[in-house]
Structure formats: C-alpha cells, structure tokens
Amino acid sequence: MTRIIGILGAMAQEIDEVKAMLDNKCVVQMANREFVKGKINGIDCVVAFSKWGKVAASITATLLLQEFAVTELFFIGTAGALADGLKVGDIVISKRLVQHDLDARPMISRFELPLLNRIYVDSDPKLTELAGKAVSNLIDTGVEHIVGGKAMREFSLDPTLHFGDIASGDQFINSVEKRNEILGLLPDVKCVEMEGAAVAQVCIEFGVPFTVIRTISDTADHNARIDFNKFIIEVANAYSKAIVGEIMRIL
Ligand code: ADE
C-alpha cells in the first residue's frame, strides 16, 4: 500500500510553514478547510490546519482520513505543561490520549469514551518511536539553528523529550486551580491541549495509526496566555517545520 502521510497542526501559522515544504502542491478546499497535497522527500503528504478544539479537529481529521485516504497521521502543536519538571520548549510525544472534560457518569465511568469501552486511546508505537527519534536528532544537534539565538535566550530554551499521556479538552487552561484539578484526577498526564484526544478517537475508529507531538508553550497557569502568544510567534513555527522535516527525512 502506498504511504500517504497526514500532517495536522493546531496553529495556522505552524502548519503554513509545513505547507511551504511541499513539492508539487495541490490545494483542495473542503468544509471551510484547506488541505494541501504534495510530496516531501518524494513521499505523498496531505497537510491541514486542524482548527481549534475537539469538534473542529475531529472534522478535519475525518476528512483527511476519508477524502484523502491517509495511511498515517502526525499531529503537531503546542501544549500547556501539567507535570512537574516540564518546561517551556520541551517536547511531549503521546503514549496515550484522554479527554479531560468528558464525563458521562453515571452511565459509564468518568473520562470513558462512550461505546468504546476505554478512557485512553493509545498512539501507534512505531510512529511514536519514529517521532521520538526525529525529535532526539534535533535536540542532539541543538535547536539554536532552528529558532535563532534571540528566542533561545528569551525562552531559556534547553529542550528535553518526554513520552506520556496527553489530555485534551475544549478549554484553554490558564489557572492553577484548573491545572491542579486535572492533575488530581489524571495524575499521569504530562500536558494539556485542545485537539489530540479527539483526533486519536477518529484515528482508532478508522484504524489509522497516529501520534501526537506537542511542544510546551506555557505552564497552563495565569501566565499561559502571554507565554503562549509569544511562543507561537517566536518558537513554535520553526520547531514544527524542523520536526516534520526530520520525521520525513527518517521515515
Ligand atoms: N495549548 C497550549 N497551551 C494550552 C493550554 N494552556 N491549555 C489548552 N491548550 C493549550
């Protein structure tokens, strides 16, 4: 089977950088979304901005799988750190995804996905390992050439790679109370974002392997909004482009 790599990103600017990497581009508009088909290193890819939140990202992921027949999906974006020891600029790759705002009690347990009999969706071990290798390669060569010296100093970047649980919900988490509430209920969660678990659910229903790669942009507390906006502009775009480039190089 010919590989068609789906690449979804949570920020328009981030994904624009990835679209620019495509050769033989062909743009398809569908459901108020832009899907760009093309090749990176000779491998077929389809790239799209997921849009924000679980519903929007599920629509985009469903179209990507159904209309463009992608065989593997990588999701890239930023996240707020929950776990101790994570800092801005670190990268988290998913082992499992969970929806922290899903609660259909008393019918089923808290966080359980209705009719799927599970709380967590596992990401694909091979794609997770591959993404880990790509990120490790970048970290080993130093990220200064990716983001520039100014951003390195401003964000005190010294990235480390983590694998673990990622929680998604339709909320931007920017208070200590809320972050502690999620951590109290889901203590293994490393970081929080707004799309990954929804895309994961779409992928398992379609039987398509996926993994999620998130760069920590903030610590999900009262400073989150300010850190987040600055980080996106100055770091996240360059990181995403470099991570996708390296994944496609070693694929
Ligand atoms: N994405 C990046 N930071 C986030 C946060 N604090 N909450 C939800 N999604 C995010």
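As the structure is a computational prediction, the values presented were derived from the model and not from experiment. (Residues numbered from 1 in each chain as written. Predicted model: local features only at pLDDT ≥ 70, side-chain atom pairs only at ≥ 80, totals over all residues. Heavy atoms only, no water.)

## Here's the deal with the overall build of the chain
Helices and strands together make up the secondary structure of the chain, namely 8 helices and 10 strands. The C-alpha radius of gyration of the chain comes to 17 Å, within 12% of the 18 Å expected for a compact globule of 251 residues. Seen through its principal axes, the chain has C-alpha atoms that stretch 50 × 45 × 30 Å. For the chain, the residues scored as buried account for 53% of the 251 residues in total. The long-range fraction of contacts in the chain, counting pairs at least 24 apart against all pairs at least 6 apart in sequence, stands at 78%. As displayed, the chain has an accessible area near 10,900 Å², and 52% of this comes from carbon and sulfur atoms. Charge separation in the chain, taken as the distance between the mean sites of 26 positive and 33 negative side-chain charges, equals 2 Å. (Helix = DSSP H or I, 4+ residues; strand = E, 2+ residues; numbered from the N terminus. Rg over C-alpha atoms; globule rule 2.2 N^0.38 Å. Buried < 20%, exposed > 50% of the residue type's maximum accessible area, 1.4 Å probe, protein only. Contact = heavy atoms within 4.5 Å. Areas by Shrake-Rupley, 256 points an atom, 1.4 Å probe, with all protein chains shown as cover. Lys, Arg positive; Asp, Glu negative; His and termini not counted. Charge placed at Lys NZ, Arg CZ, Asp CG, Glu CD.)

## Quick look at the site of the ligand
Among the 13 residues in the neighbourhood of the ligand, the closest are listed as Gly 80, Phe 172, Ile 173, Glu 193 and Asp 218. At a separation of 3.2 Å, a nitrogen atom of the ligand approaches a polar backbone atom of Gly 80. Between the ligand and Asp 218, the relevant distance is 2.6 Å, taken from a nitrogen atom to a side-chain nitrogen or oxygen of the residue. Notes on the ligand: free accessible area 260 Å², of which the protein chains cover 97%. Of all the secondary-structure elements, those providing two or more residues to the shell around the ligand are β5 (72-81), β9 (189-193) and β10 (210-218). The dominant element in the shell around the ligand, judged by the number of residues it contributes, is β5, at 3 residues. Grouping the amino acids of the shell around the ligand by side-chain chemistry returns 7 nonpolar, 4 polar and 2 charged. (Near = heavy atom within 4 Å. Polar contact = N/O pair within 3.5 Å; in protein donor to acceptor, adjacent residues only side chain to side chain. Nonpolar A, V, L, I, M, F, W, Y, C, P; charged D, E, K, R; others polar.)

## Regarding the pairing of β10
The buried count for β10 comes to 9 of 9 residues, which makes it a mostly enclosed element. One ladder, built from 8 bridges, connects β5 with β10; its direction is parallel. By the bridge assignment for β10, Gly 80 is matched with Asp 218. (Pairing = 2+ DSSP bridges.)

## Some details on the nonpolar core
Formed by 41 residues in total, the largest nonpolar core has its most connected members in Ile 7, Val 147, Leu 157, Ile 213, Val 235 and Ile 247. Broken down by element, this core gets its largest block of residues, 11 residues, from helix α8 (residues 224-250). Setting aside anything within four residues of it in sequence, one finds Val 235 in contact with Val 147, Ala 151, Phe 155 and Leu 157. Counting residues in each nonpolar core, the second largest holds 35 residues, with Ala 57, Ala 81, Leu 113 and Cys 191 among its members. (Core = buried A, V, L, I, M, F, W, Y, C linked by side-chain atoms within 4.5 Å.)

## A closer look at the state of the cysteines
Within the structure shown, the criterion is met by 0 disulfides. Not part of a disulfide, Cys 191 finds its nearest cysteine sulfur in Cys 203, a span of 17 Å. (Disulfide = S-S within 2.5 Å.)

All quantities given are derived from atomic positions and should not be read as evidence of function.
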